[in-house]
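Spelled out from the first residue to the last, the chains are:
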Amino acid sequence: MFDSLFARRRIKQTPYDPKIEEPVLRIGICTGEKVAGFSNLRNGHFREVMLITSDKELDEFCRRYDVDRKSIKEITAG
């Protein structure tokens, strides 16, 4: 039973390759909603990873994907 409780909380994580993708924080113009993810360096395709509603969640994104906060590129989406 204990394992089943934590099995639901496990988050499927897809690693990223810094040679192919860069960390990005996409910020909505109208709502200010922030979404962390990765942008493909070749074609610019954005891969959404998680919604960011607090600094704590941004820290979690950085920890989970081993990303330095200073290296995250901010882009606006509209």
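Only a predicted model underlies this, so the values are computations on that prediction, with no experimental measurement involved.

(A) The arrangement of the nonpolar core in detail. Judged by nonpolar contacts, the single largest core of 13 residues is most densely connected at Ile52, Phe61 and Ile72. Elements represented by at least two residues in this core include exactly strand S1 (21–28), strand S2 (34–40), strand S3 (46–52) and helix H2 (55–65). If one sorts the elements of this core by residue count, H2 sits on top with four residues. In contact with Ile72, other than residues within four places in its own chain, are Pro23, Val24, Leu25, Leu58, Phe61, Cys62 and Val67.

(B) Focus on the packing of aromatic side chains. Going through the model one piece at a time under the given rule, you end up with four aromatic pairs. Relative to Phe38, the ring of Tyr16 lies with its centre 4.3 Å away and its plane at 20°, an arrangement referred to as stacked. Here Phe38 lies in strand S2 and Tyr16 lies in the loop between helix H1 (2–9) and S1, a separation of 22 residues in the sequence. Taking the centre distance of 5.3 Å and the plane angle of 70° together, the rings of Phe38 and Tyr65 count as edge-to-face. Taken together, the residues span a long stretch of sequence, with Phe38 in strand S2 and Tyr65 in helix H2 at a distance of 27 residues. Phe38 sits in the buried class, given a relative accessible area of 0%. The exposure class of Tyr65 is buried, given its relative accessible area of 8%. Feature note: the residues Tyr16, Phe38, Phe61 and Tyr65 constitute an aromatic cluster, connected by ring pairs.

Calculation criteria
Sequence order as written defines the numbering, with residues in each chain counted from 1. Two thresholds apply to this predicted model, a pLDDT of at least 70 for residue-level local features and 80 or more for giving and counting side-chain atom pairs, whereas whole-chain, interface and lining totals are computed over all residues. Side-chain numbers here rest on the full set of heavy atoms in the structure, without hydrogens or water. Each nonpolar core is a collection of buried residues, namely Ala, Val, Leu, Ile, Met, Phe, Trp, Tyr and Cys, held together in the definition by side-chain atoms within 4.5 Å. The rule is simple: take the accessible area with a 1.4 Å probe, protein chains only, and divide by the maximum for that residue type; under 20% is buried, over 50% is exposed, in between is partly exposed. Put simply, DSSP H or I for four residues or longer makes a helix, DSSP E for two residues or longer makes a strand, and each gets a number counted from the N terminus. Note on definitions: a residue-residue contact is assigned when non-hydrogen atoms from the two residues lie within 4.5 Å. Only Phe, Tyr and Trp rings take part, Trp by its six-membered ring, and two of them pair if their centres are within 6.5 Å. Stacked means planes under 30 degrees apart, edge-to-face means over 60, and tilted covers everything else.

Fair warning: the whole summary comes from geometry, so function is off the table for now.
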